[in-house]
Amino acid sequence: MAGSEKQAKKKSGWLWPLGLMATGVAGAAVVLLRGCWHGKMSWPVRSQDYSYQVCLGCGIKRLFDEKTFQAYGPYSYDLNRLIAQASSRQKAVPIAPPPAERRTAS
């Protein structure tokens, strides 16, 4: 029986790395299926009169508003596309003309 006990210990020791490998493969599959959650973003970077952040995990970019210190708009790997979308949105929003009559404060 001593020989069979040694074989049982060998098998259990041999299967242990396979459990880690299976866990690693399952973890990789989850990352592939859900993608990056963009949890770690870089500090804002300025280019072409726009600020943006880059995800440190996958490299995707998102525009950043320096006044409110918040990211806004969609994510994209192409910075030029983000800038074009932002500039088209700014042009589409009409600026209200100033009021025609002026009232005194008193």
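As the structure is a computational prediction, the values presented were derived from the model and not from experiment. (Residues numbered from 1 in each chain as written. Predicted model: local features only at pLDDT ≥ 70, side-chain atom pairs only at ≥ 80, totals over all residues. Heavy atoms only, no water.)

### Concerning the packing of aromatic side chains
Counting across every chain of the model gives 1 aromatic pair. Relative to Phe69, the ring of Phe64 lies with its centre 5.0 Å away and its plane at 85°, an arrangement referred to as edge-to-face. (Phe/Tyr/Trp six-rings, centres within 6.5 Å; stacked < 30°, edge-to-face > 60°.)

### A word on the confidence of the model for the protein
A residue-level look at the protein finds 63% of positions with pLDDT of 70 or above and a mean pLDDT of 78. Mean pLDDT in the protein bottoms out at helix α1 (residues 2-34), which sits at 59, and peaks at strand β3 (residues 61-65), which reaches 96. (pLDDT = per-residue confidence, 0-100. Helix = DSSP H or I, 4+ residues; strand = E, 2+ residues; numbered from the N terminus.)

### A few points about helix α2 (residues 79-92)
Its 14 residues give α2 an end-to-end C-alpha distance of 20 Å, which sits within 8% of 20 Å, the value for a rise of 1.5 Å per residue. Here the buried face of α2 lies against β1 (45-47), β2 (50-54), β3 and β4 (70-76). Looking at where α2 begins, the residue whose side-chain oxygen comes 3.3 Å from the main-chain nitrogen of Asn80 is Asp78. (Expected span 1.5 Å × (residues − 1). Contact = heavy atoms within 4.5 Å. Polar contact = N/O pair within 3.5 Å; in protein donor to acceptor, adjacent residues only side chain to side chain.)

### Quick look at the sheet that holds β3
What the 4 strands build is an open sheet, ordered β1-β2-β3-β4; its pairing is antiparallel. Edge strands, defined here as strands with exactly one partner in the open sheet, are β1 and β4. In this sheet, adjacent strand axes meet at a mean angle of 40° when their direction is disregarded. In this structure, β3 lies alongside β4, joined through 4 bridges in antiparallel fashion. (Pairing = 2+ DSSP bridges. Axes fitted to C-alpha atoms, helices over the stretch in contact; angles between N-to-C directions.)

### Let's talk about unusual backbone geometry
Positive phi values are uncommon outside glycine, yet His38 reaches one of about 55°. Using a relative accessible area of 18% as the deciding quantity, one classes His38 as buried. (Buried < 20%, exposed > 50% of the residue type's maximum accessible area, 1.4 Å probe, protein only.)

### Structural notes on the side chain of Ser42
Secondary-structure assignment places Ser42 in the loop between α1 and β1. Here Ser42 is in contact with Gln53, Val54 and Leu56, once residues within four sequence places are set aside.

### Section: the state of the cysteines
One pass over the structure, following the stated rule, counts 0 disulfides. Looking at Cys36, it has no disulfide partner, and the nearest cysteine sulfur is the one in Cys55, 3.6 Å off. (Disulfide = S-S within 2.5 Å.)

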